Amino acid sequence: MNTRAEPNTGKRKLKGAEIICESLLREGADVIFGYPGGAILPFYDALWSYPQLRHILVRHEQSAAHAADGYSRVTGKVGVCVATSGPGATNLVTGIMGAKADSVPMIAITGQVARASLGSEAFQECDICGITASCTKKSFMVMSAADLAPTIREAFQTALEGRPGPVLIDVPRDVQLEEVDFEFPEIVEAMTAPLSPDTLEGVHQAARLINQAQRPVIISGHGILTSGANKEVAQLADTTGIPVITTLLGLGSFPANHPLSLGMLGMHGMYWSNMAVDQADLVIGLGMRFDDRVTGKASTFAPHARIIHLDIDETQIGRNVPVEVPLIGDAKAVLRELLPLVSHVDRKPWMDHVAQIRRDHPSLAIPPSDSLQTQQVLASLNELVQENPDTIVVTGVGQHQMWAAQFLGFNKPDTFVSSGGLGAMGFELPAALGAQIGRPDATVWSIAGDGGFQMTLQELATATESKLPVKIALINNGYLGMVRQWQEMYFENHIQSVPIPGPDYLKLAEAYGVAALRVTEQEDVLPAMRQAQAHDGPFLIEFVTEAVGNVFPMVPPGGGLGDTLEDPMTQAKS
């Protein structure tokens, strides 16, 4: 849907800050996440005259970037965040890098010292364009108000084209105040580039391999969600009868309740998914990067398989694993070319073999314990997710993230949001706030670890001020759980600097005006969640869980998918 404002024809005098506002509106932006400061004050002054631009005041600039990220992922629009110069700008960097790693379109606008002061080490001056050169698709410093509109136009195009990602626009304070004739450049809708002859030839080669394969698997990644190609992936699976595995960020790109769904693969993926890839004779990678958390030891990845790799970013093809058939282009367009060429093949022995692995290796079995376990919490939340498939879940990073990926079944696209490539702790709450603003009618759950939550918990104030009814499942095990697990398993149980006591979270929530409960028993988990969902406002549930549980399955360091470890407490005997 085109949400751009209608252009105001003809030239008129505007300040640079006003041009930024006008340009954002014309690009379809209607929400900005930011934090003011001296070098960006002219822009904030201009916002007074642009009530169409909703500004969300976060409590830390890192949260502005994470919120813009979450907003973008659930809406498909470009997220916008704003900060002042110096520390304001540098505080955005973690969130900008996270967007780069996960291919999320974002515009970061930063204030800068006046042009005459550049290079003088003025108060709060920093070379933010230099700092972000490696974590943006492009960075601009705009030295004239006359250049603002075309720069913003280019920035939005850059953020969206090809592999999406973040763009930074740095604007000196006096440029924001400079008055010039304003005429917004004509918006020409981007034309979809035709597929190259090489890709079209590759499609026919891919179809031949698919129709011949006896043990094929499809791996569906985040690029399928970005392209909106989830229906094409489902059609490919239904037509060919090939099972589908997802990456972490690909969750939701293929319905978890589909008979051909095998769930997630990788470091903490399902045992049967990892074994299926390890034993496959054909791997069809769609919109994914074959990163190390997916492949394990790259040299041992899918040792018996020929590999088809579809990605819009040519630099990813063959980067980590050898590829026999490269398909470079938009996933939806390529799959539409492929679908008429493939057919169903009877692969009953392969499907029976995978089903037997699932029976013999129950990856989702919860080990016995007298304490409340995170797996139990997430299994209960999954009941609510299945009742309402539009529920959006946003996680932080660590054990709770992996258990969420394992135990929650996402049947609709763009309902799972997580920091994958960068793995930024503290992502969960601000990104959930951005997702709630983007999808105000959806129930949004933030699954937070007690370590990550303490990094950005100040955003509870943003939730209450902006009346955002996010539900927070705080997993409190008193540890940096994933680090503790590695210390236990691979560093001779030298538990160092990972116990992380926190505040009284109920009193903390009360101080911020957030309703809260503490849950310690399994029988109270689901009732508490239903109470939270019924509450008209933000709600925090502190789940006091087992301190030393470990996440399994797990690919050990230096190991391949074929080396996947199972939980010794639940491993079935063949």
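Above this text sits the structure in question.
From a predicted model like this one, the values you see are computed outputs, not experimental measurements.

Undergrad: Explanation requested: the pattern of salt bridges in the structure shown.
TA: Pairing of side chains with opposite charge becomes possible as their charged atoms draw close. Taken as a whole and assessed by the stated rule, the structure comprises 22 salt bridges. We note a salt bridge from Arg336 to Glu232, for which the minimum N-O separation is 3.2 Å. Here the residue Arg336 occupies a position in helix α14 (residues 331–338), and Glu232 occupies one in helix α11 (residues 230–240), the gap between them amounting to 104 residues. Judged by its relative accessible area of 52%, Arg336 falls in the exposed class. Glu324 serves as the salt-bridge partner of Arg306, at 2.8 Å between the closest nitrogen and oxygen. Here Arg306, found in strand β13 (residues 306–311), pairs with Glu324, found in the loop between β13 and β14 (325–328); they are 18 residues apart in sequence, far enough to count as distant.

Undergrad: Is there a simple way to think about the side chain of Gln406 in this case?
TA: Positionally, Gln406 belongs in helix α17 (residues 399–407). Within the local environment of Gln406, its side chain forms a polar contact with the backbone oxygen of Phe552, the two atoms lying 3.2 Å apart. Not counting residues up to four positions away in its chain, the partners in contact with Gln406 are His268, Met270, Leu364, Val551, Phe552 and Pro553.

Undergrad: Help me understand the packing of helix α3 (residues 61–75) against helix α5 (residues 93–101), please; the structure alone is not making it clear to me.
TA: For any two helices packed against each other, one specifies the inter-axial angle together with the distance between the axes. Where α3 meets α5, the axes come as close as 7 Å, and the angle between the chain directions of the two elements is 25°. What the angle tells us is that α3 and α5 run roughly parallel. Counting all contacts with α3, which are made through Gln62, Ala65, His66 and Asp69, the residues of α5 involved are Thr94, Gly95, Ile96, Gly98 and Ala99. Taken together, the residues that form the contact of α3 with α5 break down as three nonpolar, five polar and one charged.

Undergrad: Please clarify how the pairing of strand β5 (residues 106–112) should be interpreted in this entry.
TA: Sheet faces and side chains relate simply in a regular strand, where the side chains alternate between the two faces. Buried residues dominate β5, accounting for seven of its seven residues. Residues Met106, Ala108, Thr110 and Gln112 of β5 are buried on one face, and the alternating residues Ile107, Ile109 and Gly111, pointing to the opposite face, are buried as well. Relative to β5, strand β4 (residues 79–83) is paired through five bridges, and the arrangement is parallel. Paired with Ala83 across the bridge in β5 is Thr110. Pairing analysis gives seven bridges linking β5 to strand β7 (residues 166–172), with the strands arranged parallel. Residue pairing in the sheet places Met106 in a bridge with Pro166 of β7.

Undergrad: Teacher, can you tell me more about the nonpolar core here?
TA: Side chains of nonpolar character tend, in soluble globular proteins, to be buried together. Phe33, Cys81, Leu92, Val394 and Phe453 are the most contacted members of the largest nonpolar core, which has 51 residues in total. Ignoring any residue separated from it by four or fewer positions in sequence, one finds Val394 in contact with Val417, Phe427, Glu428, Ala431, Ala432, Ala435, Val444, Trp445, Ser446 and Ile447. With 37 residues, the next largest nonpolar core counts Cys21, Ile40, Ile152 and Val171 among its residues.

Undergrad: Is there a simple way to think about the packing of aromatic side chains in this case?
TA: The way to describe two aromatic rings as a pair is by their centre distance and the angle between their planes. Summed over the entire model, instances satisfying the criterion amount to six aromatic pairs. Both rings, one in Phe43 and one in Tyr44, keep their centres 5.7 Å apart while their planes meet at 90°; by these two values the pair is edge-to-face. Given a relative accessible area of 0%, Phe43 falls into the buried group. The exposure class of Tyr44 is buried, given its relative accessible area of 15%.

Undergrad: What is the right way to look at the sheet that holds strand β9 (residues 216–220) in this model?
TA: Pairing is parallel in the open sheet, where six strands are placed in the order β11-β10-β9-β12-β13-β14. On the outer flanks of this sheet lie β11 (261–264) and β14, each paired with one strand and no other. The sheet shows a mean angle of 15° between the axes of neighbouring strands, taken without regard to direction. Pairing of strand β12 (residues 282–286) with β13, which is carried by five bridges, proceeds in the parallel orientation. From the neighbouring strand, Ile284 faces β13, where its bridge partner is Ile308.

Undergrad: Which parts of the structure should I look at to understand unusual backbone geometry?
TA: Negative phi characterises most residues that are not glycine, and trans characterises most peptide bonds. The omega torsion across Phe552 and Pro553 is -5°, close enough to zero to call that bond cis. Tracing the sequence through the fold places Pro553 in the segment after β20 (539–544). Despite not being glycine, Glu492 shows a phi value in the positive range, around 55°.

Undergrad: How should I be thinking about helix α15 (residues 348–360) in this particular structure?
TA: Each turn of an α-helix holds 3.6 residues, which means side chains three or four residues apart point in the same direction. Taking 1.5 Å per residue, 13 residues should reach 18 Å; α15 reaches 18 Å between its end C-alpha atoms and fits that length. Three or more residues of α15 are buried, namely Trp350, Val354 and Ile357. Considered in projection along α15, the buried side chains sweep an arc of 55° and stay on one side of the axis. Those residues of α15 that are exposed and aimed more than 90 degrees away from the buried face are Lys348, Pro349 and Arg359.

Undergrad: I would appreciate a short explanation of the environment of Pro568 in the present structure.
TA: One can find Pro568 in the segment after β20. Each C-alpha atom, one on Pro568 and one on Pro553, is 9.8 Å from the other, the two residues being 15 residues apart in sequence.

Undergrad: What is the right way to look at the sheet that holds strand β18 (residues 471–476) in this model?
TA: Sheets are built from strands that pair by backbone hydrogen bonding, the pairs being arranged parallel or antiparallel. Strands sit in the order β16-β15-β17-β18-β20-β19 across an open sheet of six strands; the sheet is parallel. Strands at the two margins of the open sheet, each flanked by one partner only, are β16 (416–417) and β19 (515–519). Against the sheet, helix α16 (residues 374–387) touches β15 (392–395), β17 (444–449), β18 and β20, its axis set at about 175° to β17. Most of the contacts of helix α18 (residues 428–438) go to β17, to which it runs at about 175°, and overall it touches β15, β17 and β18.

Undergrad: Explain the packing of α16 against helix α23 (residues 525–534) here, please?
TA: Where α16 contacts α23, the two axes come as close as 9 Å, and the packing angle between them is 45°. As the angle between them shows, α16 and α23 are arranged oblique. In the crossing of α16 with α23, the sense of the turn from one axis to the other is right-handed. Residue-level contacts link Val377, Ser380, Leu381, Glu383, Leu384 and Glu387 of α16 to Val525, Leu526, Met529, Arg530 and Gln533 of α23. A per-class count over the contact of α16 with α23 returns six nonpolar, two polar and three charged.

Basis of the calculations
- Residues numbered from 1 in each chain as written.
- Predicted model: local features only at pLDDT ≥ 70, side-chain atom pairs only at ≥ 80, totals over all residues.
- Heavy atoms only, no water.
- Salt bridge = Lys/Arg side-chain N within 4 Å of Asp/Glu carboxyl O.
- Helix = DSSP H or I, 4+ residues; strand = E, 2+ residues; numbered from the N terminus.
- Buried < 20%, exposed > 50% of the residue type's maximum accessible area, 1.4 Å probe, protein only.
- Polar contact = N/O pair within 3.5 Å; in protein donor to acceptor, adjacent residues only side chain to side chain.
- Contact = heavy atoms within 4.5 Å.
- Axes fitted to C-alpha atoms, helices over the stretch in contact; angles between N-to-C directions.
- Parallel < 35°, antiparallel > 145°, perpendicular 65-115°, else oblique.
- Nonpolar A, V, L, I, M, F, W, Y, C, P; charged D, E, K, R; others polar.
- Pairing = 2+ DSSP bridges.
- Core = buried A, V, L, I, M, F, W, Y, C linked by side-chain atoms within 4.5 Å.
- Phe/Tyr/Trp six-rings, centres within 6.5 Å; stacked < 30°, edge-to-face > 60°.
- Expected span 1.5 Å × (residues − 1).
- Arc of directions from axis to C-beta.
- Left-handed = near helix turned anticlockwise from the far one by under 90°.

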